[in-house]
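# Analysis of the macromolecular model
One letter stands for each residue in the lines below.
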Amino acid sequence: MNDTLPVPFDVRLMNFTAGVMFAGCVALLLAAGGWWVLRNPALAIGSIAIEGDMTHSTEQSLRESVAGRLPGSFLTLDLPAARAVFESTPWVRKASVRREFPDHLRVLLQEHVPLAYWGAQADTTMLNSFGEVFDAPNGDIDVDMPRLFGPDTQAAPEVLSMYRVLRPVFRPLGLEVDALDLSSRGGWRATLDSGATIELGSGTEAEIEARARRFVRTLDQVVAVHGRKADALESADLRHGGGYALRLRGVTTVDPNAPPAPVRTAPARAPARPAAPAARR
């Protein structure tokens, strides 16, 4: 019977060390190979196909905007980061990015659809069809859009909704809502394309709409009494519960033939006499 001699400790330690070193070398070789594969120019993004309804952007301008900004190669590309790069370009509202092997990217874009200016008169900030505020290049401004305004950007969807309600209300008069303003106290003011300003007051959307419809329904009859048409309107105040007040061009409540009111003057007072000097003792 042959008994196997135990392996000395130093031999076992050497074998273990050799095994660890071999595994480490294999890991390094695999990492280097993976790095080479990922960095290989053959795996770079070969082409980018851009799709979507693009009115204000072109494929060429978009490619120039994102050139050098896409993080990584075709395999290492961070898709959410790439989407953010496309969405940071002018006019792009949303983007979806996906890989198509062997080296293609397909990008589907959705542009902002501008409906109105937002903010002060000189501001080029716009409001899209979703009630979102965005900035557009100065050269792409449509001067015919209305201007909407609110106390902050959070009010933009509310102002856009009210504009959509009021716009058809004034059309029977042949007038368009050129501007709509929501004050910090909740009061609404509309400016028509004729230059007339309409104080609508505060309230719910339904209350404002009912107030405006009553005004439009009766305006022709009111202005006809003075021989005018709706385009003679200068301003109107609809904040009164039982009616409204208005001002018409060329119409005044002052009678030009009435004599001027007498000017009242205060009676003249006699000059005060100087006080007598005090008697000397």
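The coordinates are above.
So, here is what we can say about the structure in this document. (Residues numbered from 1 in each chain as written. Predicted model: local features only at pLDDT ≥ 70, side-chain atom pairs only at ≥ 80, totals over all residues. Heavy atoms only, no water.)

### Regarding the overall build of the protein
Helices and strands together make up the secondary structure of the protein, namely five helices and 12 strands. Here the protein holds 281 residues, and 28% of them are scored as buried. A separation threshold of at least 6 residues defines the contact pool for the protein, and within that pool the share at least 24 residues apart is 47%. (Helix = DSSP H or I, 4+ residues; strand = E, 2+ residues; numbered from the N terminus. Buried < 20%, exposed > 50% of the residue type's maximum accessible area, 1.4 Å probe, protein only. Contact = heavy atoms within 4.5 Å.)

### Comments concerning unusual backbone geometry
The omega torsion across F101 and P102 is 15°, close enough to zero to call that bond cis. Tracing the chain through its elements places P102 in the loop between β2 (92-100) and β3 (104-111). Despite not being glycine, W91 has its phi angle at roughly 75°, a positive value. With respect to the secondary-structure elements, W91 resides in the loop between α3 (79-87) and β2.

### Points about the pattern of salt bridges
Throughout the structure, instances matching the rule amount to 10 salt bridges. A salt bridge links E100 to R98, with the shortest nitrogen-to-oxygen separation between them at 3.2 Å. Exposure remark for E100: the relative accessible area of 23% places this residue in the partly exposed category. A salt bridge links R213 to E209, with the nearest nitrogen and oxygen atoms 3.1 Å apart. Here E209 and R213 lie together in helix α5 (residues 205-224), a separation of four residues that amounts to about one turn. When salt bridges with common partners are traced through the structure, they connect E51, R98, E100 and R106 into a single cluster. (Salt bridge = Lys/Arg side-chain N within 4 Å of Asp/Glu carboxyl O.)

### What about the sheet that holds strand β1 (residues 47-51)?
Taken together, three strands build an open sheet; the order of strands is β1-β3-β2 and the sheet is mixed. The open sheet is flanked by β1 and β2, the only strands paired with a single partner. Taking the axes of each pair of neighbouring strands and ignoring which way they run, one obtains an average angle of 20° across the sheet. Both β2 and β3 contribute to a ladder of eight bridges, which runs antiparallel. Across the sheet, the residue bridging to V92 is E111, located in β3. Against the sheet, helix α2 (residues 59-66) engages β1, β2 and β3, with an angle of about 130° to β1. Its contacts with the sheet put α3 on β1, β2 and β3, and the angle it makes with β2 is roughly 140°. (Pairing = 2+ DSSP bridges. Axes fitted to C-alpha atoms, helices over the stretch in contact; angles between N-to-C directions.)

### Looking at the nonpolar core
Generally speaking, soluble globular proteins have nonpolar side chains that are buried together. Ranked by size, the top nonpolar core spans 35 residues in total, and within it L148, L166, F170, L180, I198, L200 and F215 carry the most contacts. Of all the secondary structure elements, the ones that give two or more residues to this core are β4 (114-118), α4 (156-170), β8 (177-182), β9 (188-192), β10 (197-201), α5 and β11 (233-237). Top contributing element to this core by residue count: α4, with eight residues. Each residue touching L180, except ones within four places of it in the same chain, is listed here: R147, L148, F149, V159, M162, Y163, L166, W188, R189 and A190. Among the nonpolar cores identified, the runner-up in size contains 15 residues, and I48, L70, A95 and V97 belong to it. (Core = buried A, V, L, I, M, F, W, Y, C linked by side-chain atoms within 4.5 Å.)

### Some details on α3
Residues of α3 that are buried: A82, V85 and F86. The arc that holds the buried residues of α3, viewed along the axis, is 95°, so those residues lie on one side. On its buried face, α3 is in contact with β1, α2, β2 and β3. (Arc of directions from axis to C-beta.)

### Some details on the environment of R99
Its place among the elements puts R99 in strand β2. Judged by its relative accessible area of 28%, R99 falls in the partly exposed class. On a C-alpha basis, the gap between R99 and L75 in space is 8.6 Å, while along the polypeptide they are 24 residues apart. In contact with R99, not counting residues within four places along its chain, are F74, L75, T76, L77, L79, H104 and L105.

### Quick notes on the side chain of R93
Considering the arrangement of structural elements, one finds R93 in strand β2. Within the structure, R93 has its side chain in polar contact with the side chain of E132 (distance 2.7 Å). Setting aside chain neighbours within four positions, we find R93 in contact with E87, Q110, E111, H112, N128, F130 and E132. (Polar contact = N/O pair within 3.5 Å; in protein donor to acceptor, adjacent residues only side chain to side chain.)

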